[in-house]
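Structure assessment
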Amino acid sequence: MRIAAIVAGMGALALIACGQQGPNARDQAAQGHESEGSISKKDGVVRFETADGGAVFLGGENVAAPKGLPSFVEVYPGLRLESVMSGEAAGDFDGGGVLVGISADPPEKVAAYYREMIKRRGLRIVLDRTTNGTIVLNAASSAQEGLFLTIAAKDGGSQIGLTYAGAPAPSP
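My aim in this report is to walk through the structure given alongside it, one point at a time.

Rules behind the numbers
- Residues numbered from 1 in each chain as written.
- Predicted model: local features only at pLDDT ≥ 70, side-chain atom pairs only at ≥ 80, totals over all residues.
- Heavy atoms only, no water.
- Helix = DSSP H or I, 4+ residues; strand = E, 2+ residues; numbered from the N terminus.
- Pairing = 2+ DSSP bridges.
- Expected span 1.5 Å × (residues − 1).
- Buried < 20%, exposed > 50% of the residue type's maximum accessible area, 1.4 Å probe, protein only.
- Arc of directions from axis to C-beta.
- Phe/Tyr/Trp six-rings, centres within 6.5 Å; stacked < 30°, edge-to-face > 60°.

Backbone geometry places N132, a non-glycine residue, at a positive phi of 50 degrees. Positionally, N132 belongs in the loop between strand 6 (124-131) and strand 7 (134-140). Here the phi dihedral of D155 falls at roughly 50 degrees; this positive angle occurs in a residue that is not glycine. With respect to the secondary-structure elements, D155 resides in the loop between strand 8 (146-154) and strand 9 (157-165).

Right under this line is the structure:
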């Protein structure tokens, strides 16, 4: 259950970071969390990597899924990724990441795919709820792996946010 709470927290942070916030909210969230690193742009993709290599963020039109995703994570077929983040964590937690993208398929079709994937991968659903048209799925395994998905209607298709935790972070 601990990993489910971590994944839910990471998902909430990702949603907050992607939301429409004013400069004060953004400044307050970043206060005390400064990080040095490098920024580059190539083929329409912006890459930020922390100086210690512990976190990587990719955003843009041509973002690809990270290499070496954990075995319990699948990218929805045909998903057009908009941003990818991965990182390592301290303590007894291996790391994880966030994938955000757009699909032409409706939210319920995407959710059905992920419910089946969760079963195939040996995870159990700890939360499956629809609120204001947004489907939220949270799944965890006994091996401290977890997924947090938000699937919302967007332009006749779906916007998908997938946060994963508890596995070695892949290299984007």
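Both strand 6 and strand 7 contribute to a ladder of seven bridges, which runs antiparallel. Residue T131 lies in a different strand from strand 7, and its bridge partner there is T134. Taking the residues that link successive antiparallel strands as the turn, the strand 6-strand 7 hairpin has two residues, and the phi of N132 there is positive, at about 50 degrees.

Our next topic: helix 3 (residues 107-120). Given 3.6 residues per helical turn, the α-helix brings residues three or four places apart onto the same face. Helix length check: helix 3 (14 residues) gives 20 Å between terminal C-alpha atoms against 20 Å at 1.5 Å per residue, within 8%. Among the residues making up helix 3, those that are buried are P107, V110, A111, Y114, R115, M117 and I118. Looking straight down helix 3, one finds that the buried residues subtend no more than 165 degrees of arc, so they occupy a single side. One or two positions beyond helix 3, positive phi appears at G122, with a value near 80 degrees.

A few words now on the packing of aromatic side chains. Each aromatic ring pair is described using two quantities: the centre-to-centre distance and the angle formed by the ring planes. Tallied over the entire structure, the rule returns three aromatic pairs. With centroids separated by 5.1 Å and ring planes inclined at 90 degrees, the aromatic side chains of Y76 and Y113 adopt a geometry described as edge-to-face. One end of the pair, Y76, is in the loop between strand 3 (55-60) and strand 4 (80-87); the other, Y113, is in helix 3, with 37 residues separating them in the sequence. The structure contains a cluster of three or more aromatic residues connected by ring pairs, namely Y76, Y113 and Y114.

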